[in-house]
Amino acid sequence: MQSTGTRKHLIVEAMRRAHRDRAEYLGDPDFVQVPTDRLIHPFYAAGQRTTIRMDRATPSEMLPSSAAPNAGTDTSHFSVIDAEGNRVAGTQSINLFFGSGLMVPGTGVMLNNEMDDFAAKAGAPNGFRLVGADANAIAPGKRPLSSMTPTFIEKPDGLMIVGSPGGSVIMTVVLLSTLDWMDGVAPEEFIKKARFHHQYMPDAITFEPGALTDEEKQTLQKYGHTLRESRMPGNAQIVTWDYKSGEVKAVSDPRGVGVGVVY
Ligand code: DON
């Protein structure tokens, strides 16, 4: 006989799957074709049932979705190399959500709100919770600080082109990618690894689920760190070139929209 906890787990898993289908398929049938026959078919229910584990919650993001990945609304990074080795690492930003929200009439060009990259007031956090002081205070003709880090890393046997959006997390993405690449980890592996991040203020380590083992968490807490598990921005676009084998790889972060192509 099931425990009441297991029973509730199964009800929740059924709810999760029904809501996924709602999100995926349902809309006004005058406008969209809802696959009702399929959704209410006993075979469909049987198939859904086989995906439920008795002892483990299914993370919702593991259920298939055709929803468009998060296309982002602000910063984009491109890593590019051609057959002659000419290369570009380009990060472009209008800063936060749709920049200033203003478009130059007739052009489709959104104006940025990079003023938030200045320290508007000493010690007051900006949109990425970064603090600054007089060195980054607003002044006429002055450029604000930027976290954008379009990067080439060269080592004797290869090259990596890397960059990302993500505000303050950009440098973390580039640093962690660089450390892994220098250690010989394949880019298709390290690009999807859970990340951890510290930015001075707030004085805490932010980490994606799975970035730290229990042992690492215990060690870090023993050393006095505050830990905060959280989703993090970051959408690395990486090209690597192995000088010995000649192999070029292009990989795109599974956290966001993007594609790595070699042709
Ligand atoms: O230059 C900077 O540091 C910011 N304007 C970057 C903003 C950003 O990456 C937003 N993207 N998610």
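Use the structure listed above.
All of these numbers come straight from a predicted model, not from anything done at the bench.

What counts, and at which threshold
- Residues numbered from 1 in each chain as written.
- Predicted model: local features only at pLDDT ≥ 70, side-chain atom pairs only at ≥ 80, totals over all residues.
- Heavy atoms only, no water.
- Helix = DSSP H or I, 4+ residues; strand = E, 2+ residues; numbered from the N terminus.
- Rg over C-alpha atoms; globule rule 2.2 N^0.38 Å.
- Buried < 20%, exposed > 50% of the residue type's maximum accessible area, 1.4 Å probe, protein only.
- Contact = heavy atoms within 4.5 Å.
- Areas by Shrake-Rupley, 256 points an atom, 1.4 Å probe, with all protein chains shown as cover.
- Lys, Arg positive; Asp, Glu negative; His and termini not counted.
- Charge placed at Lys NZ, Arg CZ, Asp CG, Glu CD.
- Near = heavy atom within 4 Å.
- Polar contact = N/O pair within 3.5 Å; in protein donor to acceptor, adjacent residues only side chain to side chain.
- Pairing = 2+ DSSP bridges.
- Axes fitted to C-alpha atoms, helices over the stretch in contact; angles between N-to-C directions.
- Patch = residues over 30% accessible without salt bridge, like charges linked within 9 Å, V, L, I, M, F, W, Y side chains within 5 Å.
- Salt bridge = Lys/Arg side-chain N within 4 Å of Asp/Glu carboxyl O.
- Expected span 1.5 Å × (residues − 1).

Asker: Teacher, can you tell me more about the overall build of the protein here?
Answerer: Helix and strand counts for the protein stand at six helices and nine strands. For the protein, the C-alpha radius of gyration of 23 Å lies well beyond 18 Å, the compact-globule estimate for 263 residues. In the protein, which comprises 263 residues, the share counted as buried stands at 30%. When contacts within the protein are restricted to residue pairs at least 6 apart in sequence, those whose partners lie at least 24 apart make up 47%. With an accessible surface of roughly 17,200 Å², the protein has 58% of that area assigned to carbon and sulfur atoms. Between the mean site of the 26 positive side-chain charges and the mean site of the 30 negative ones, the protein shows a separation of 7 Å.

Asker: Which parts of the structure should I look at to understand the site of the ligand?
Answerer: Taken together, 14 residues form the shell around the ligand, and within it T75, E114, D117, S146 and S147 come nearest. Here S93 contributes a side-chain N or O atom positioned 3.2 Å from a nitrogen atom of the ligand. For the ligand, an oxygen atom lies 2.7 Å from a polar atom in the backbone of S147. Here the ligand, which alone exposes 340 Å², has 94% of that area covered by the protein.

Asker: Got a minute to help me understand the sheet that holds strand β8 (residues 237-242) in this structure?
Answerer: Paired through their backbone hydrogen bonds, the strands of a sheet run either parallel or antiparallel. On the basis of which strands lie adjacent, the open sheet formed by four strands has the order β3-β4-β8-β9 and antiparallel pairing. Two strands close off the open sheet at either side, each with one partner strand: β3 (151-155) and β9 (248-252). Here the average twist between neighbouring strands, direction ignored, is 15 degrees. Examined bridge by bridge, β8 and β9 share five bridges and lie antiparallel to one another. If you follow W241 over to β9, its bridge partner there is V248. Helix-sheet contacts for helix α4 (residues 169-182) involve β3, β4 (158-163) and β8, and the interaxial angle to β4 is about 160 degrees.

Asker: Whenever I open this one, a nonpolar patch on the surface confuses me. Can you help?
Answerer: A cluster of nonpolar residues, L102, V104, V109 and L111, forms a patch on the protein surface that exposes about 320 Å² of accessible area. Within the secondary structure, L111 sits in the loop between β2 (87-92) and β3.

Asker: Sorry if this is basic, but what is going on with the sheet that holds strand β6 (residues 205-207) here?
Answerer: Spatially, the three strands line up as an open sheet ordered β5-β6-β7, and their pairing is mixed. Both outer strands of the open sheet, β5 (196-197) and β7 (227-229), are each paired with one neighbouring strand and no more. Where β6 lies against β7, three bridges are found, and the strand directions are parallel. Looking at the pairing, F207 lines up with E229 of β7. In the packing of helix α6 (residues 214-222) onto the sheet, contacts are made with β6 and β7, and the angle to β7 comes to roughly 140 degrees.

Asker: Just checking my understanding: could you explain the side chain of E114 for this structure?
Answerer: Relative to the helices and strands, E114 is located in the loop between β2 and β3. For E114, which is buried and forms no salt bridge, the nearest opposite charge comes from R143, at a distance of 12 Å. At 3.1 Å, the side chain of E114 and the backbone nitrogen of N95 are in polar contact. Apart from residues lying up to four places away in sequence, E114 is in contact with S93, I94, N95 and P144.

Asker: How do you make sense of α4 when you look at a structure like this?
Answerer: Relative to the 20 Å expected for 14 residues at 1.5 Å per residue, α4 spans 20 Å between its end C-alpha atoms, a close match to the ideal helical length. Within α4, ten of the 14 residues are buried, leaving the element largely enclosed by the surrounding structure. Of all the positions in α4, only V169, I170, T172, V173, V174, L176, S177, T178, D180 and W181 are classed as buried. Those residues of α4 that are buried are in contact with β3, β4, α5 (187-190), β5 and β8. G184 occupies a position one or two residues after α4 and carries a positive phi of about 90 degrees.

Asker: Looking at this structure, I do not really get the pairing of β3. What am I missing?
Answerer: Two faces make up the sheet, and in a regular strand the side chains alternate between them. Burial along β3 is one-sided: T151, I153 and K155 are buried, while F152 and E154, pointing the other way, are not. Pairing between β3 and β4: five bridges, direction antiparallel. By the bridge assignment, K155 is partnered in β4 with G158. Where β3 hands over to β4, the hairpin turn is made up of two residues, counted between the paired strands.

Take it as geometry only, folks, not as evidence of what the structure does.
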